[in-house]
Amino acid sequence: MDVQSSRVVPDGGYGWIVVAAVALINMTNQSILSVFGQLFVGELQKMQEDTFTAALITNLNSLALNFSGLFIGPAIKSFKPRNVAATGCILVALGLALCAFATESWHFILGYSFFVGFGLGLISPSTFMAINSYFTTKRGRAVGVSLAGAGLGQVLIPHLVRYLLDNHGFRYAVLSMSTLSLFGLFGAAFLKPLNQPAKHNNRKHIRLLTEADGEKTSPLQVVVVPTNQSKIERSPQNVDTLCSRMGQRLVQAMDLELLKDLVFWSIIVGMALVYTATINFTMIFPGFLGQTAQLNSQMVAFCMSLVAGADIVCRLLLPIVTDHLRIPYRVVFLFGIVGLFVARCVLAENQALPVIITMSVLTGMMKSATVINNNLTISAHCRSEKLAGGLGLSMMSKGVIVITVGQLLGWVRDYADSYLICLYAQGAILLVVVLVWTPEILYRHRRQRCATNKSMETQSIDAAEVAKLNS
């Protein structure tokens, strides 16, 4: 029997302390991603590096972050979410410290792309698992509050980075960010899971995995092998059996049967495209404000803070509204995509300061709709026993698309030498997702509505027949 179902989920209680701890971790670690352009692009330009290199660094960071999903499940089961999250914070701090002493672009790839990316990949699912065990009906609100910590960091950290860069230089600023990420260790100390994970005997699991069906013999059974030729003849069959068993275990462990579902493909690929466009926008937005819109550094930081401020407010309020109206998570995600598409098109067409301020607020609001409902959309589509596999496959799809489509967006920026063309390219990607998702969601909604009406008609007919019999 499932342990989760055998215990009462408090839907709050100590869970809110866990939410506050996760908010602290997100504020001091996840928000680092939002200041990459402000913190590193200037130093890369001094090294005579172009936007393609900056895009490569951020895309490799996302690749390491998302492909950590391959083994994050066994890590959480073996070492508990608290230890995994603490390890992630230490890796983020170490990666930023390496970047502070970087003299070549590959130093940033090693420190930021791999160490920081891998550390953030450990933090995100482990904190989600810690929250997930404490909430049921209030899960959306809890996730929104925890993600608001990252939004709060995105409001404050751009100003802190600007102050440190202007007064103390690049190295001191990056080392300060490295120290700040270690504050996540205090939050990780409070990540006590509601249901303690079972201990796994990894050696026994490996032995069972490599053991063929025909080799499970009792202690008294004697297997006679007449000659060495018989051993040679049996070895290919044993190898085939071993490969088959390992393949079946791999499919079961990663829930690869989800890939048979075309709707699941649509969900994970669509979310990966939106994720890639968001990362690219975060990278080029400071450059767009400074070079295309001709804003000074204070206004650049102000606009970035507007994005983060709107994001944090909506992360707190949006789940309350959508839960009350019972709007499906994927529909809210779709509304967010439409809003991001509109904001990019308007920014590309008009660079007046009031328009930039308005679109910065809109971008923050719509970004929150996609961030909050990312994992929730997967959880609404997958059964509970398949949720971990669905989240892992979603992370891997993001990694693949970021390193391909994300690099293409960086190449478009360099080839066209225009931030406006890059904004239009991001808008085209978002529009593709909207055009694919909208008909599918409408069709599924109509089919579900027809099924509901048919069920109600059947119930009414049965009730009428029962009334006739009773009369």
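Here the structure is a predicted model, which is why all the values come from computation and not from measurement.

Colleague: Even after reading the chapter, I still don't get the overall build of the protein chain, so can you show me in this structure?
Modeller: For the protein chain, the helix and strand inventory stands at 17 helices and zero strands. Every one of the 471 residues in the protein chain was classed for burial, and the buried ones make up 48%. The contacts of the protein chain with a sequence gap of at least 6 include a subset with a gap of at least 24, amounting to 86%. Carbon and sulfur atoms form 64% of the exposed surface of the protein chain, whose accessible area is close to 23,700 Å².

Colleague: Just checking my understanding: could you explain the packing of aromatic side chains for this structure?
Modeller: Under the defined criterion, the tally for this structure stands at 12 aromatic pairs. Consider the rings of tryptophan 411 and tyrosine 415, whose centres lie 5.0 Å apart with planes at 15 degrees: the pair is stacked. With tryptophan 411 and tyrosine 415 both in helix α16 (residues 387–416) and four residues apart, the pair spans about one turn of that helix. Note on tryptophan 411: relative accessible area 44%, which makes it partly exposed. According to the relative accessible area criterion, tyrosine 415 is exposed, its value standing at 65%. Put simply, the rings of Phe36, Phe40, Phe108, Tyr112 and Phe170 touch in pairs and so form one group of aromatic residues.

Colleague: What am I meant to see in the confidence of the model for the protein chain here?
Modeller: Where the model shows low pLDDT, its predicted coordinates should not be examined in detail. Looking at the protein chain, pLDDT values average 80 and 82% of them are 70 or higher. Per-element averaging of pLDDT across the protein chain places helix α1 (residues 3–6) at the bottom with 42 and helix α14 (residues 329–349) at the top with 93. Confidence drops under pLDDT 50 across residues 1–6; counting only partners more than four residues distant or on other chains, this segment forms five contacts. In the model, residues 200–206 has pLDDT below 50 throughout and makes three contacts with residues more than four positions away in sequence or in other chains.

Colleague: Explanation requested: the environment of valine 346 in the structure shown.
Modeller: As for its placement among the helices and strands, valine 346 is situated in helix α14. Look at valine 346 and you get partly exposed, because its relative accessible area is 28%. Remark: the alpha-carbon pair of valine 346 and leucine 423, spanning 77 residues in sequence, is separated by 9.7 Å. Contact partners of valine 346, with chain neighbours within four places excluded, come to Val355 and Met359.

Colleague: What is the right way to look at the nonpolar core in this model?
Modeller: The tendency in soluble globular proteins is for nonpolar side chains to be buried side by side. Core analysis: the biggest nonpolar cluster contains 69 residues, and Phe40, Leu96, Phe108, Tyr112 and Phe285 have the highest contact counts within it. Two domains each put at least three residues into this core: domain 1 (8–194) and domain 2 (257–459). Sequence-distant contacts of phenylalanine 285, that is, excluding residues within four places in its chain, are made with Cys303, Met304, Val307, Leu347 and Ser360. Within the second largest apolar cluster, 37 residues are counted, among which are Leu273, Leu340, Leu376 and Ile378.

Colleague: Looking at this structure, I do not really get helix α6 (residues 105–132). What am I missing?
Modeller: Helical periodicity: at 3.6 residues per turn, an α-helix aligns residues three or four positions apart in one direction. Here α6 spans 39 Å end to end across 28 residues, near enough to the 40 Å set by a 1.5 Å rise per residue. Counting buried positions along α6 gives 21 out of 28 residues, so the element sits mostly inside the fold.

Colleague: What is the right way to read empty space enclosed by the protein from this model?
Modeller: The gaps left among the atoms become clear once a water-sized probe is rolled over them. By the definition in use, this model includes two cavities of 30 Å³ or more. In this model, the largest cavity occupies a volume close to 200 Å³. Broken down by element, the residue count for the lining of the largest cavity peaks at five residues, all from helix α12 (residues 262–292). In terms of residue class, the lining of the largest cavity is made up of eight nonpolar, five polar and two charged. Composition of the lining of the largest cavity by domain shows at least three residues from each of domain 1 (8–194) and domain 2 (257–459). Reported here for the second largest cavity is a volume of approximately 50 Å³. If you go around the second largest cavity, the residues you meet are Gly140, Leu318, Pro319, Thr322, Asp323, Tyr329, Ile372, Asn373 and Leu376.

Colleague: Looking at this structure, how should I read helix α13 (residues 297–325)?
Modeller: A rise of 1.5 Å per residue sets the reference length of α13, with its 29 residues, at 42 Å; its end C-alpha atoms lie 41 Å apart and thus fit the reference within 8%. Its axis deflected by about 35 degrees at arginine 315, α13 carries its strongest bend there, up to four residues before the proline proline 319. Capping of α13 at its N-terminal end is provided by asparagine 296; its side-chain oxygen lies 3.3 Å from the backbone amide nitrogen of glutamine 298. The positive-phi residue at the C-terminal boundary of α13 is arginine 326, with phi of around 60 degrees.

Colleague: Honestly, the layout of surface pockets in this entry has me stumped. Any pointers?
Modeller: As a volume, the second largest pocket reaches approximately 670 Å³. Surrounding the second largest pocket, 30 residues form its lining, Gly37, Gln38, Val41, Gly42 and Pro286 being those nearest its centre. When residues of the lining of the second largest pocket are traced back to their parent elements, those giving at least two are α3 (36–46), α4 (51–67), α7 (139–167), α12 and α13. Per element, the largest residue contribution to the lining of the second largest pocket is nine residues, and it comes from α3. Of the residues assigned to the lining of the second largest pocket, the class counts are 12 nonpolar, 11 polar and seven charged. Taken together, domain 1 (8–194) and domain 2 (257–459) each give at least three residues to the lining of the second largest pocket, which thus spans both.

Colleague: Would you mind showing me how to read the pattern of salt bridges here?
Modeller: Side chains that carry opposite charge are capable of pairing whenever their charged atoms lie near each other. If you walk through the whole model with that rule in mind, you get three salt bridges. Among the ionic pairs, aspartate 311 bridges to arginine 315, the shortest N-O distance being 2.7 Å. Placement of the pair is aspartate 311 and arginine 315 together in helix α13, with a separation of four residues, close to one helical turn. Its relative accessible area of 0% is what places aspartate 311 among the buried residues. For arginine 315, a relative accessible area of 3% puts it in the buried group. The partner of aspartate 417 in a salt bridge is arginine 413, with the nearest N and O atoms 3.4 Å apart. Accessibility expressed as a relative area gives 7% for arginine 413, which makes it buried.

Calculation criteria
- Residues numbered from 1 in each chain as written.
- Predicted model: local features only at pLDDT ≥ 70, side-chain atom pairs only at ≥ 80, totals over all residues.
- Heavy atoms only, no water.
- Helix = DSSP H or I, 4+ residues; strand = E, 2+ residues; numbered from the N terminus.
- Buried < 20%, exposed > 50% of the residue type's maximum accessible area, 1.4 Å probe, protein only.
- Contact = heavy atoms within 4.5 Å.
- Areas by Shrake-Rupley, 256 points an atom, 1.4 Å probe, with all protein chains shown as cover.
- Phe/Tyr/Trp six-rings, centres within 6.5 Å; stacked < 30°, edge-to-face > 60°.
- pLDDT = per-residue confidence, 0-100.
- Core = buried A, V, L, I, M, F, W, Y, C linked by side-chain atoms within 4.5 Å.
- Domains from an automatic or database assignment.
- Expected span 1.5 Å × (residues − 1).
- 1 Å grid on protein atoms, 1.4 Å probe; cavity = no way out; pocket = protein on both sides within 12 Å on 5 of 7 lines; lining within 4 Å.
- Points joined across faces, edges and corners; volume = space filled by probe spheres on them.
- Nonpolar A, V, L, I, M, F, W, Y, C, P; charged D, E, K, R; others polar.
- Bend = angle between axes of the 7 residues up to and from the residue.
- Polar contact = N/O pair within 3.5 Å; in protein donor to acceptor, adjacent residues only side chain to side chain.
- Salt bridge = Lys/Arg side-chain N within 4 Å of Asp/Glu carboxyl O.

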